[in-house]
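Here's the letter readout for the chains.
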Amino acid sequence: MIKVGLDLIAFPLSKLLASSIPDIAYARSIFDRFPYPNLFIFNTILRGYSISESPRESFSLFKYLRATGISLDHFSFISTLKSCARELALSTGQCIHGAVIVSGFDFFINLRNTLLHFYCVCGRIADNHQVFDEMPHVRDVVSWNALMSGYLQISQLAMVVELFRQMRVRSFEVSDISLMSVLSASGDMGDIRGGASASLHGLCVKKGLCFYLNVATAIVAMYVKCGSVESARHMFDEMPNRDIVSWNCIIDGYAKSGLVEESLALLQAMKGECMKPNSATMAGLLLACASAGALGIGRCVHEFIEDENLEFDAVLGTGLVDMYSKCGLIDKAVDVFNRIPHKDVMSWTAMISGFGVNGQGENALKLFHQMVEQGVKT
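Residues numbered from 1 in each chain as written. Predicted model: local features only at pLDDT ≥ 70, side-chain atom pairs only at ≥ 80, totals over all residues. Heavy atoms only, no water.

One way to put it is that helix α16 (residues 260-272) packs onto helix α18 (residues 295-307) with a least axis distance of 10 Å and a crossing angle of 20°. In terms of their interaxial angle, α16 and α18 are classed as roughly parallel. Along this stretch, α16 crosses α18, giving a crossing that reads as left-handed. For the pair α16 and α18, the contacting residues are Val260, Glu261, Leu264, Leu267, Gln268 and Lys271 in the first and Ile297, Cys300, Val301 and Phe304 in the second. (Axes fitted to C-alpha atoms, helices over the stretch in contact; angles between N-to-C directions. Helix = DSSP H or I, 4+ residues; strand = E, 2+ residues; numbered from the N terminus. Parallel < 35°, antiparallel > 145°, perpendicular 65-115°, else oblique. Left-handed = near helix turned anticlockwise from the far one by under 90°. Contact = heavy atoms within 4.5 Å.)

Below is the structure:
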């Protein structure tokens, strides 16, 4: 393009810019070649920044766009608000919200939904709900999902269930995201209304959404949280496809129910299906071994970790330290603690607590002072 002079013509250069978005630095170098960029060019680079590793760069660019006097459209606001959401830039996003209202673009449903998402991730549920209430005639399933997600994020579980009920009453077609929110809320509530879990499961079957991996995993998680491990296992066995999240969920469910041996058997079955476990898989199992004092199984888990060459991170290390400490093998716990390459505050706490419960108060104090000296935040 440079050789034949096309890099000086706006239309082919704009197409090059759009295709270069994955490499935002290169895209910006192309953008800077435009002597008089139009709105399409500005929107393209704003969208690029919104999905890049440097979303904050879009703020100054948006300010520059407004200073040029070019009339903005709703896409300009959407991309910049997405950057605000990623950066949790509340004040900047609120200023843009004000500009949206002044511009008159707030009737666009995709822009409204972007505002809902922005306030949701920033934890501003009152603002989230206000934006939702101001759009009674332009809501879609994404709007409802954003509001439910906001309430789920702050653990107002009953509100999530109520919003899902209202959504159904108003004949909105539920999506997999809608069901994942209400399944999570129902599980966290412990199915206190009785039968809600089975009803939601039935709705998923009716809508044909049980074939969605994320929905099926959410059903397993819901049953686990409600203490119905048998129902969780039945759903798990029916899943045509499983990923690491679904395996972790069912293994953790058995472990938390005190069925440690069954968890270990599932771990072996997981290996048989060529699914490699991760630290999250082992963490719940180690916690269960520590609570039950199941040293033999805990050692088997440790051997499994070594055999699979799992990354020995702070999560795994802390779980092993806690397990060995509570089973009375403080020397083994110290050995594991010393092997953790990057200790976090949980690792230090587990080892200090291990010394304490094993009657080694002096060592506990000494380790605490060592932690403080190394600048670990308590």
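Moving on, there is more to tell.
As a further point, take the packing of aromatic side chains. Within the structure shown, the criterion is met by 11 aromatic pairs. The interplanar angle of 50° and the centroid separation of 6.1 Å between the aromatic rings of Phe77 and Phe105 together place this pair among those described as tilted. Residue Phe77 is located in helix α5 (residues 74-87), and its partner Phe105 is located in the loop between α6 (90-103) and α7 (109-121); the two are separated by 28 residues in the primary sequence. On the accessibility criterion, Phe77 (3% relative accessible area) is buried. A relative accessible area of 17% places Phe105 in the buried class. (Phe/Tyr/Trp six-rings, centres within 6.5 Å; stacked < 30°, edge-to-face > 60°. Buried < 20%, exposed > 50% of the residue type's maximum accessible area, 1.4 Å probe, protein only.)

Turning next to the environment of Asp106. Relative to the helices and strands, Asp106 is located in the loop between α6 and α7. Residue classification places Asp106 among the partly exposed residues on the basis of a relative accessible area of 23%. Linking Asp106 and Leu39, residues 67 residues apart in sequence, is a C-alpha distance of 19 Å. Leave out the neighbours within four places in its chain, and Asp106 touches Val100, Ile101 and Arg112.

Among the nonpolar cores identified, the biggest contains 117 residues, and Phe77, Leu179, Leu183, Ile219, Val220 and Met282 are the most heavily contacted of them. The element best represented in this core is helix α13 (residues 213-225), accounting for 9 residues. When near neighbours in sequence (up to four residues on either side) are disregarded, Phe77 contacts Phe62, Leu72, Ile96, Ala99, Val100, Ser103, Phe105 and Leu111. (Core = buried A, V, L, I, M, F, W, Y, C linked by side-chain atoms within 4.5 Å.)

Examined against the element boundaries, Ser347 turns out to sit in helix α21 (residues 345-357). Here Thr318 takes part through its side chain, which lies 2.9 Å from a polar atom of the side chain of Ser347. Not counting the four nearest positions on each side in its chain, Ser347 is found in contact with Ala314, Thr318, Phe337 and Ile340. (Polar contact = N/O pair within 3.5 Å; in protein donor to acceptor, adjacent residues only side chain to side chain.)

We now examine a nonpolar patch on the surface. Together, Met1, Val4, Leu6, Leu8, Ile9 and Phe11 give the surface a local cluster of nonpolar side chains, amounting to about 630 Å² of exposed area. With respect to the element layout, Leu6 can be found in the segment before α1 (10-19). Taking relative accessible area as the criterion, Leu6 reaches 34% and is therefore assigned partly exposed. (Patch = residues over 30% accessible without salt bridge, like charges linked within 9 Å, V, L, I, M, F, W, Y side chains within 5 Å. Areas by Shrake-Rupley, 256 points an atom, 1.4 Å probe, with all protein chains shown as cover. Salt bridge = Lys/Arg side-chain N within 4 Å of Asp/Glu carboxyl O.)

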